[in-house]
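# Structure at a glance
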Amino acid sequence: MRPRLLGVFDRLDLIEWQFCQRATRLSLFRPWRLTLQAASKLGDWPVWVALIIAQPWLVPDGGLRLMQYTVTALVAIGVYRLVKTRLCRERPFITYCGGIQCSEPARDRYSFPSGHTMHAVMFSLLVAAHTPWLLPIVIPLAVLIAISRVGLGLHYVSDVLAGAVMGYGFALLSLAIMG
């Protein structure tokens, strides 16, 4: 049974590698690559920090939201770093050197989970709960951030999905605790 299970994972890895390879080829198209790079840079921190700082001006209970978003982000970062440093999955462009093009410098060697996607999903859900009128801006940005992680060769699709699940969980926990 064990060798059969390993074969399934090998097959899934191959499928994911092939998808990543195709996705990174799209970044050879300069306008698309520049779009993905811009989304990735925005997902580093500036958009989310601006969103946190703007809470007092966006909602009546902005001070509480500023605290909620800050604490949620800090807890998420702590758990994310713990998971990332324990699982140590190398980035696709490292694992498949030459087979997958990297179009953006990586912060570190490891890819699982995607912190950019985690924050994008987490803040999208918090925005949906407190300032839904911002969703037409936040949702397309969050989607582009998630796409950029694979398209730039920095993450596998499963890294992005795991980051999205983590972000969803942190947002739900935050909303359950602080509304």
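Each value, and the rule that gives it
Residues numbered from 1 in each chain as written. Predicted model: local features only at pLDDT ≥ 70, side-chain atom pairs only at ≥ 80, totals over all residues. Heavy atoms only, no water. Helix = DSSP H or I, 4+ residues; strand = E, 2+ residues; numbered from the N terminus. Contact = heavy atoms within 4.5 Å. Axes fitted to C-alpha atoms, helices over the stretch in contact; angles between N-to-C directions. Parallel < 35°, antiparallel > 145°, perpendicular 65-115°, else oblique. Left-handed = near helix turned anticlockwise from the far one by under 90°. Nonpolar A, V, L, I, M, F, W, Y, C, P; charged D, E, K, R; others polar. Expected span 1.5 Å × (residues − 1). Bend = angle between axes of the 7 residues up to and from the residue. Buried < 20%, exposed > 50% of the residue type's maximum accessible area, 1.4 Å probe, protein only. Phe/Tyr/Trp six-rings, centres within 6.5 Å; stacked < 30°, edge-to-face > 60°.

Along the chain, the position of Ser174 falls in helix α8 (residues 157-178). Spatially, the C-alpha atoms of Ser174 and Val59 are 17 Å apart, while their sequence positions differ by 115 residues. For Ser174, the contacting residues outside a window of four places in its chain are Gln68, Thr72, Leu126 and Gly179.

Turning to the packing of helix α3 (residues 46-58) against helix α6 (residues 115-130), a few remarks are in order. When two helices pack together, their arrangement is given by the angle between the helix axes and by the axis-to-axis distance. Axis separation between α3 and α6 bottoms out at 11 Å; the angle between their running directions is 25 degrees. Taken together, the axes of α3 and α6 are roughly parallel relative to one another. Crossing of α3 over α6 shows left-handed handedness. Counting all contacts with α3, which are made through Trp48, Leu51 and Ile52, the residues of α6 involved are His119, Ala120, Phe123 and Val127. Looking at side-chain class alone, the contact of α3 with α6 contains six nonpolar, one polar and no charged residues.

Here α3 is 13 residues long and its end C-alpha atoms lie 17 Å apart, about the 18 Å a rise of 1.5 Å per residue gives. Approximately 35 degrees is the largest bend angle found in α3, and it occurs at Ile52, with the proline Pro56 only one to four residues beyond. Along α3, the positions that sit buried rather than exposed are Trp48, Leu51, Ile52 and Gln55. Residues of α3 that are buried in the fold lie against α2 (30-44), α4 (62-87), α6 and α7 (135-151).

Under the definition given, this model contains two aromatic pairs. Relative to Phe123, the ring of Trp48 has its centre 5.3 Å away and its plane inclined at 15 degrees; by these criteria the two rings are stacked. Taken together, the residues span a long stretch of sequence, with Trp48 in helix α3 and Phe123 in helix α6 at a distance of 75 residues. Comparing Trp48 with Phe123, the two get one shared label, buried. Arranged with centres 6.0 Å apart and planes meeting at 55 degrees, the rings of Tyr69 and Phe123 form a pair that is tilted. On the criterion of sequence distance, the pair formed by Tyr69 in helix α4 and Phe123 in helix α6 is long-range, its members being 54 residues apart. For the pair Tyr69 and Phe123, a shared accessibility class is recorded, and that class is buried. An aromatic cluster is defined as three or more aromatic residues linked by ring pairs; in this entry it consists of Trp48, Tyr69 and Phe123.

By themselves, these are just geometric observations and shouldn't be taken as functional.
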